[in-house]
Amino acid sequence: MARRTTAVVVGAGVAGTTTALSLRREGLDVTLVDAWEPGHPGAASGGEHRILRSSHGTDEFYAQLSREGRLGWLELGEQTGEELFVQCGAVMLAKEGNTAWEDASKKTLERLGIPHFVAPAHELPVRLPVMKADDIAYGLWEPEAGFVYAQRAVQAAVRQFLREGGKLRRARVVTDEAERPLLDGKPIAADVVVMACGAWMSGLFPRTLRRHLDVVRQNVIMIATPPGETGYDHTEFPCWIDHGNGAYGIPAAGGFGFKAVLVWRQLHIDLDREDRIVDETSIARTRRYLAARFPGLADQPISQMAVSQIANTADTHFMIDRHPEHRGMVLVAGDSGHLLKHGMAIGRFVAGLALERHETDERFRIRDRSSVDLASRPQ
């Protein structure tokens, strides 16, 4: 294997930034390129925070990867002197008659020795007094889970990358008909090229990736908590996953409101022209959900709203693979809404693939995923 000394990573989101930092720590001369500033509002890695938990159904790989990601965010926080990960716990709500995913997750956590416990239905009113949980069979609790301050974490990783000798450049990268990336109108000249441009990967690699990716909007709404009420704060309430209702959320923290997100797949978003404005229908759906699950928040004002985009694959596994025609180029795509939690673990994996120290995992290969066993999906 020829020695690699230079690298260009395109995309300063979580995947690109952690990959650039990992390659720099391998001794390469690394340039990180993005069309905007790191953590910009339009990026999937932007926004305030993301849940970090290890429950992934039967999938041991993601459970272990998230544990590595948790340690990575803690280590980066120590290096930068910033709080990036908050350990407030996370509870998976197993809805009556629909507990298969939580049952499978519990068994996986047991096999791997990841801390967890089951809170039976009769305990939930005591443990989660602000939540209406009369339709919940049990709560699968991960006490060492929590959330990552997303934008803060990405920007902290960039600052650390620069402190360690990396270079950051603001520029637009396009591709030619052969899907070679062009910078300043010329093919990128580096021993290692990593393309990690989030939802924009579909347009940059139309022949290789477009048929595999579904780029959708994700509306995020944060609700102001009642004055003087601490029951919704991260010091008293965990992150939560409500699969039965297609919802999840993060307790109030960092001066932000209580985050409630309904996973509602909408029409494809025009990444370069569409306004990032939450529509009235999404607001109404969220309020109906809050009235049913968190009645104390039903009439509280919205404190913040945001729109991000998610590049989904059919099976929700990431795509991390070499370009089929350009051996020296690695593509990272299909974040499917759950990449950020894995943080530095993803960066190290991509760096190892780019340096040809290992092959990609079978689930990450660029391939047709149109026929997929939905039970195997990690989410």
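These numbers were taken from a predicted model, which means no experiment stands behind them. (Residues numbered from 1 in each chain as written. Predicted model: local features only at pLDDT ≥ 70, side-chain atom pairs only at ≥ 80, totals over all residues. Heavy atoms only, no water.)

*Asks:* I'd like a description of the environment of Leu-162, backed by residues and values.
*Replies:* Within the secondary structure, Leu-162 sits in helix 5 (residues 150-163). As for Leu-162 and Met-195, which are separated by 33 residues in sequence, their C-alpha atoms are 19 Å apart. Ignoring anything within four residues of it in the chain, the contact list for Leu-162 reads Lys-167 and Leu-168. (Helix = DSSP H or I, 4+ residues; strand = E, 2+ residues; numbered from the N terminus. Contact = heavy atoms within 4.5 Å.)

*Asks:* Can you explain the state of the cysteines? Please cite residues and give values.
*Replies:* What makes a disulfide is a covalent bond joining the sulfur atoms belonging to two cysteines. Counting across every chain of the model gives 0 disulfides. Take Cys-88: it sits in no disulfide, and the sulfur closest to it among the cysteines is that of Cys-239, at 3.7 Å. Judged by relative accessible area, which is 15%, Cys-88 ranks as buried. (Disulfide = S-S within 2.5 Å. Buried < 20%, exposed > 50% of the residue type's maximum accessible area, 1.4 Å probe, protein only.)

*Asks:* Residue-level account of the pattern of salt bridges, with values.
*Replies:* In the structure shown here, the tally under the stated rule is 23 salt bridges. When salt bridges with common partners are traced through the structure, they connect Lys-95, Asp-135, Asp-242 and Arg-293 into a single cluster. (Salt bridge = Lys/Arg side-chain N within 4 Å of Asp/Glu carboxyl O.)

*Asks:* If you had to explain the packing of helix 1 (residues 14-25) against helix 8 (residues 343-354) to someone new, which residues and values would you point to?
*Replies:* The geometry of helix 1 relative to helix 8 is characterised by a closest axis approach of 7 Å and an angle of 60° between their N-to-C directions. The angle between helix 1 and helix 8 places the two elements in the oblique class. Crossing angle aside, the handedness with which helix 1 passes helix 8 is right-handed. On helix 8, the residues that touch Val-14, Ala-15, Thr-18, Thr-19, Leu-21, Ser-22, Leu-23 and Arg-25 of helix 1 are Gly-343, Met-344, Ile-346, Gly-347, Arg-348, Val-350 and Ala-351. (Axes fitted to C-alpha atoms, helices over the stretch in contact; angles between N-to-C directions. Parallel < 35°, antiparallel > 145°, perpendicular 65-115°, else oblique. Left-handed = near helix turned anticlockwise from the far one by under 90°.)

*Asks:* Before we move on, can you summarise the pairing of strand 19 (residues 319-322) with the specific residues and values?
*Replies:* Here strand 19 shows no split at all, with Met-319 and Asp-321 on one side and Ile-320 and Arg-322 on the other all buried. Pairing geometry for strand 19 and strand 20 (residues 329-333), over 4 bridges, is antiparallel. Paired with Met-319 across the bridge in strand 20 is Ala-333. (Pairing = 2+ DSSP bridges.)

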